[in-house]
Every structure is written in structure tokens, then in C-alpha cells.
Amino acid sequence: MGTATSPSFDTETLRRGIEGQTPETLLSLYTDDAELRVVNRNAQPSHPKVLHGRNEIAEMLLDVYSRDMTHKLEGCVIQGDRAAYSESCEYADGVRVLSESMITLRDGKISRQILIEAWDE
């Protein structure tokens, strides 16, 4: 008799999603009821931008992937139902963005994410 295993988080899909040209692959990694908290220069820690559900996250990702920029997954660490990853981005004009994410997983998908961004100024 076999043992049941939980679906695992697919870091290769994460890489393809982040480094791709459209948000669909990355969006497939989120649960329908996912929550994403964004902290950056416009959304300070005491008032983060909070997105609820895959539809709101999709709107943000559509905006990001419509920009003339590249994205690279720098590293990902997974431990149990938690993961963390680093992403670097560069706009065509040379402006760089670095982001760090801490995520909570449910059934191999992202259910909660805290995303912290730092931009060239």
C-alpha cells in the first residue's frame, strides 16, 4: 500500500514563469484565494498593497509583464510548506529592481506571499 504525498512546489515552473514574457505560467502557481502583500517605496510596511485572489494578482502581473523589462529568478529555497525566492529585474533604460518573496504553500501552490521590492532611484 502506497503513501499519499502532497503536491510539491515546482521551482522549474517558477523559473519559467518569472523569466517568461507573459504572466500565465507564473499565475498558474497561485491558489484561487491567494493573498499577495507588496511592500515597496509606494506601499510602506505599515500600509502594504494587498491583493486578494488570483484575479487581482493577475491584474498586477499583466501590468508588470506589459513593461519593457527582463526578469530573472536568482534563487529559491523550499522548506516544508514555506519557500523564499529572489528575483532581479531590469528595465530597458537600465533601471534595476530586486525583489524578495516569502511564500506559504498549500497543495504545491502559493497561498500567501509577501513581496518586498527595492528599486534604483
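Look up a bit, the structure's there.
1. Focus: the environment of V39
If you trace the backbone, V39 turns up in strand β1 (residues 30-39). Along the sequence, V39 and A118 sit 79 residues apart, while their C-alpha atoms lie 9.0 Å from each other. Ignoring anything within four residues of it in the chain, the contact list for V39 reads Q44, P45, P48, L115, I116 and E117.

2. Brief notes about the sheet that holds strand β2 (residues 49-52)
As summarised here, the arrangement of the six strands in space is β2-β1-β6-β5-β4-β3, forming an open sheet in which the pairing is mixed. Strands with a single pairing partner mark the edges of an open sheet, and in this sheet they are β2 and β3 (69-79). Across the sheet, the mean angle separating the axes of adjacent strands is 15° when strand polarity is ignored. Across nine bridges, strand β4 (residues 82-91) lies against strand β5 (residues 96-106) in antiparallel orientation.

3. Notes on the side chain of Q113
Positionally, Q113 belongs in strand β6 (residues 109-119). Within polar-contact distance, the side chain of Q113 engages the side chain of S101 at 2.8 Å. For Q113, the contacting residues outside a window of four places in its chain are Y30, E35, L36, R37, Y85, S101, M102 and I103.

About the thresholds
- Residues numbered from 1 in each chain as written.
- Predicted model: local features only at pLDDT ≥ 70, side-chain atom pairs only at ≥ 80, totals over all residues.
- Heavy atoms only, no water.
- Helix = DSSP H or I, 4+ residues; strand = E, 2+ residues; numbered from the N terminus.
- Contact = heavy atoms within 4.5 Å.
- Pairing = 2+ DSSP bridges.
- Axes fitted to C-alpha atoms, helices over the stretch in contact; angles between N-to-C directions.
- Polar contact = N/O pair within 3.5 Å; in protein donor to acceptor, adjacent residues only side chain to side chain.

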